[in-house]
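# A structural walkthrough
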Amino acid sequence: MVKCEDSVLTQVLVDNGSSANICPLSTLNKLKVNDERIHKNSICVRRFDGGRKDSVGDIMLELTIGPVEFTMEFQVVDVAVPYNLLLGQPWIHTAKAVPSTLHQMVKFEWDREEIVVHGEDNLCSRDDAIVPFIEF
């Protein structure tokens, strides 16, 4: 889970083979993000199966992963995928993260502290604030 734009998202994939952060258009619709925030571009995204899909555009999203807040650019793609966000190399490099698919976890250092995020943990609990949870 990741806190994104004041809501909690489940099914977030960390993929060190992806050269972009990907956000499906359906995720933005469920988050009720205004389409005007999407900046049109002419980027073509290569899918896992080798096919290509034109990006709808890019968008900057606020994320909270563990205790750390990130503002990251995502390519918005209008496809049906089994994840709600894909965190690729841009996020991995920004966080200086080491993802482990085998262990379903990500480690990174932030403010001289080692942050370990497990796949099943509630990553968004930093305080007692109530955050809307979006079921996907």
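Residues numbered from 1 in each chain as written. Predicted model: local features only at pLDDT ≥ 70, side-chain atom pairs only at ≥ 80, totals over all residues. Heavy atoms only, no water.

### Side note on the layout of surface pockets
- Taken as a whole, the largest pocket spans an internal volume of roughly 490 Å³.
- Lining the largest pocket are 21 residues, with Val12, Leu13, Val14, Gln104 and Val106 positioned closest to its centre.
- When residues of the lining of the largest pocket are assigned to their parent elements, the largest contribution, three residues, is made by strand S3 (residues 12-14).
- Its residues placed into classes, the lining of the largest pocket shows 13 nonpolar, seven polar and one charged.
- When its volume is computed, the second largest pocket comes out at roughly 390 Å³. (1 Å grid on protein atoms, 1.4 Å probe; cavity = no way out; pocket = protein on both sides within 12 Å on 5 of 7 lines; lining within 4 Å. Points joined across faces, edges and corners; volume = space filled by probe spheres on them. Helix = DSSP H or I, 4+ residues; strand = E, 2+ residues; numbered from the N terminus. Nonpolar A, V, L, I, M, F, W, Y, C, P; charged D, E, K, R; others polar.)

### Structural notes on the pattern of salt bridges
- Using the criterion set out here, one finds one salt bridge in the structure.
- Here glutamate 5 ties to arginine 37 by a salt bridge, and the two come within 3.0 Å at their closest N and O atoms. Placement of the pair is glutamate 5 in the loop between strand S1 (2-4) and strand S2 (7-9) and arginine 37 in the loop between helix H1 (25-30) and strand S5 (44-46), with a sequence separation of 32 residues.
- Judged by relative accessible area, which is 21%, glutamate 5 ranks as partly exposed.
- Its relative accessible area of 32% is what places arginine 37 among the partly exposed residues. (Salt bridge = Lys/Arg side-chain N within 4 Å of Asp/Glu carboxyl O. Buried < 20%, exposed > 50% of the residue type's maximum accessible area, 1.4 Å probe, protein only.)

### Thoughts on the packing of aromatic side chains
- Enumeration over the complete set of coordinates arrives at four aromatic pairs.
- Look at tryptophan 91 and phenylalanine 108: their rings are 5.9 Å apart centre to centre, the planes differ by 85°, and that puts the pair in the edge-to-face class. You can see tryptophan 91 sitting in helix H2 (residues 89-95) and its partner phenylalanine 108 sitting in strand S11 (residues 105-110), a full 17 residues away along the chain.
- On the basis of relative accessibility, which here comes to 1%, the residue tryptophan 91 falls in the buried class.
- For phenylalanine 108, a relative accessible area of 2% corresponds to the buried category.
- A network of ring pairs unites the aromatic residues Phe70, Trp91, Phe108 and Trp110 as a single cluster. (Phe/Tyr/Trp six-rings, centres within 6.5 Å; stacked < 30°, edge-to-face > 60°.)

### Overview of the pairing of strand S8 (residues 68-77)
- Of all the 10 residues making up S8, seven are buried; the element is thus mostly covered by neighbouring parts of the structure.
- Of the pairings in the sheet, the one linking strand S4 (residues 22-24) to S8 comprises three bridges and is parallel in character. Within S8, the position partnered with cysteine 23 by the bridge is valine 76.
- Sheet topology places strand S7 (residues 57-65) next to S8; nine bridges connect them, and they run antiparallel. Counterpart to leucine 61 in the pairing with S8 is methionine 72.
- A loop of two residues connects S7 with S8, the two strands running antiparallel in sequence, and glycine 66 in this loop sits at a positive phi of about 60°. (Pairing = 2+ DSSP bridges.)

### Thoughts on the environment of valine 98
- Topologically, valine 98 is positioned in strand S10 (residues 98-100).
- Other than its neighbours up to four places away in sequence, valine 98 contacts Met105, Val106 and Lys107. (Contact = heavy atoms within 4.5 Å.)

### Observations concerning the confidence of the model for the protein chain
- Overall, the predicted model of the protein chain reaches an average pLDDT of 85, with 88% of residues at or above 70.
- Low pLDDT (under 50) marks residues 122-136, which in the prediction has 36 contacts with non-local residues, meaning those over four places away or in another chain. (pLDDT = per-residue confidence, 0-100.)

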